[in-house]
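Below are the chains, spelled out letter by letter.
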Amino acid sequence: MTTVRKEIITLEFYKPEYSEKLEYYHLSKEQKKYTALPSEALLACERDEERYPVVILYNQTPAGFFVLHEGKGVEPYSENVHAILLRAYSIHEHLQGRGIAKTSIKLLPLFVKENFPDKNEIILAVNHLNKAAQHVYQAGGFKDHGVRSMGMNGEQFIFQMKL
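As a starting point, this report considers the structure included with it. Counting from 1, residues in each chain are numbered in the order their sequence is written. Given that the model is predicted, a residue must reach a pLDDT of at least 70 before its local features are reported, and side-chain atom pairs must reach 80 or more before they are shown or counted; all residues, however, enter totals for whole chains, interfaces and linings. No hydrogens and no water enter the side-chain calculation; it runs on all heavy atoms of the structure.

**Considering the packing of helix α4 (residues 100-115) against helix α5 (residues 131-139)**
Taken N-terminus to C-terminus, the directions of α4 and α5 make an angle of 45°; their axes are 8 Å apart at the nearest point. Between α4 and α5, the angle is such that the two are oblique. In terms of crossing hand, the pair formed by α4 and α5 is right-handed. Along the contact surface, α4 presents Ala101, Lys102, Ile105 and Lys106, while α5 presents Val136, Tyr137 and Ala139. Under this scheme, a helix contributes an axis fitted over its contacting stretch, all axes are lines through C-alpha atoms, and angles between N-to-C directions fall in the 0 to 180 degree range. By the criteria applied, helices consist of DSSP H or I runs no shorter than four residues and strands consist of E runs no shorter than two, each listed in order from the N terminus. The scheme is simple: roughly parallel for angles under 35 degrees, roughly antiparallel for over 145, roughly perpendicular for 65 to 115, oblique for anything else. By definition, any crossing whose near helix is turned counterclockwise from its far helix by less than a right angle is left-handed, and any crossing with a clockwise turn is right-handed. In this analysis, two residues are considered to be in contact whenever any of their non-hydrogen atoms come within 4.5 Å of each other.

Quick look at the structure:
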């Protein structure tokens, strides 16, 4: 007899009930150079009504986090008023390597279409040295059209995904 185990990965807007699990969220020192911890990103969301925190659930437990930012958040990277910015994306260090990132990026277009029906593009900025993140984003459907920006830690590649 063979046992089949299927992991379930879903995206859900942040709820206060996730705060305790997110307190123990950990990223490597290297990853912290490129993204914010959920606790830091949540503070920014509290101050900006155009930021929407999203939790990546792995078998109903928070495993990752990101923010969708519309309006002024998009302006430094795109002139498209119907674009939304993906920022502060990460997967808890102890859960990396399980396909959570790849699956969550593939779920992202449908999540955006359902919750932000006026959006026709997702954009993100990724550091030129962050090769692992670039690979995940491109495998998930983001394209590099050569747009660049300068960030706090150097050059940023601006990736786009049309919806």
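**What about α4?**
Here the expected length of a helix is defined as 1.5 Å per residue gap, with one fewer gap than residues. The end-to-end C-alpha distance of α4, which contains 16 residues, comes to 21 Å, matching closely the 22 Å that a straight helix rising 1.5 Å per residue would cover. The angle between axes fitted to the seven-residue stretch ending at a residue and the seven-residue stretch beginning at it gives the bend at that residue. Approximately 35° is the largest bend angle found in α4, and it occurs at Leu108, with the proline Pro109 only one to four residues beyond.

**Things to note about the nonpolar core**
Buried Ala, Val, Leu, Ile, Met, Phe, Trp, Tyr and Cys residues that are joined via side-chain atoms within 4.5 Å together make up what is termed a nonpolar core. Relative accessible area decides the class of each residue, using a 1.4 Å probe on protein chains only: under 20% of the type maximum gives buried, over 50% gives exposed, and in between gives partly exposed. Grouped together as the largest cluster of nonpolar side chains are 29 residues, with contacts concentrated most on Phe66, Leu68, Leu86, Tyr89, Tyr137 and Phe142. Residue assignment for this core shows that the elements contributing at least two residues are β1 (9-13), β2 (51-58), β3 (61-69), β4 (83-91), α4, β5 (121-127), α5 and β7 (154-162). A total of six residues in this core trace back to one element, the largest contributor, which is α4. The residues contacting Leu68, other than those within four sequence positions of it, are Glu50, Arg51, Tyr52, Val54, Ile84, Leu85, Leu86, Leu108, Phe111, Val112 and Phe116. If you look at the next biggest cluster of nonpolar residues, it comprises 13 residues, including Tyr18, Leu27, Leu42 and Val55.

**Remarks on the side chain of Glu70**
Mapped onto the elements of the fold, Glu70 is located in the loop between β3 and β4. Each polar contact in these results corresponds to two N or O atoms within 3.5 Å; when the atoms are within protein, one needs to be able to donate a hydrogen and the other to accept it, and residues that are neighboring in sequence are counted only if both atoms are side-chain atoms. Side-chain polar atoms of Glu70 contact the side chain of Tyr52, separated by 2.9 Å. The contacts of Glu70, once residues within four sequence positions are left out, are Glu50, Tyr52, Ile84, Phe116 and Lys119.

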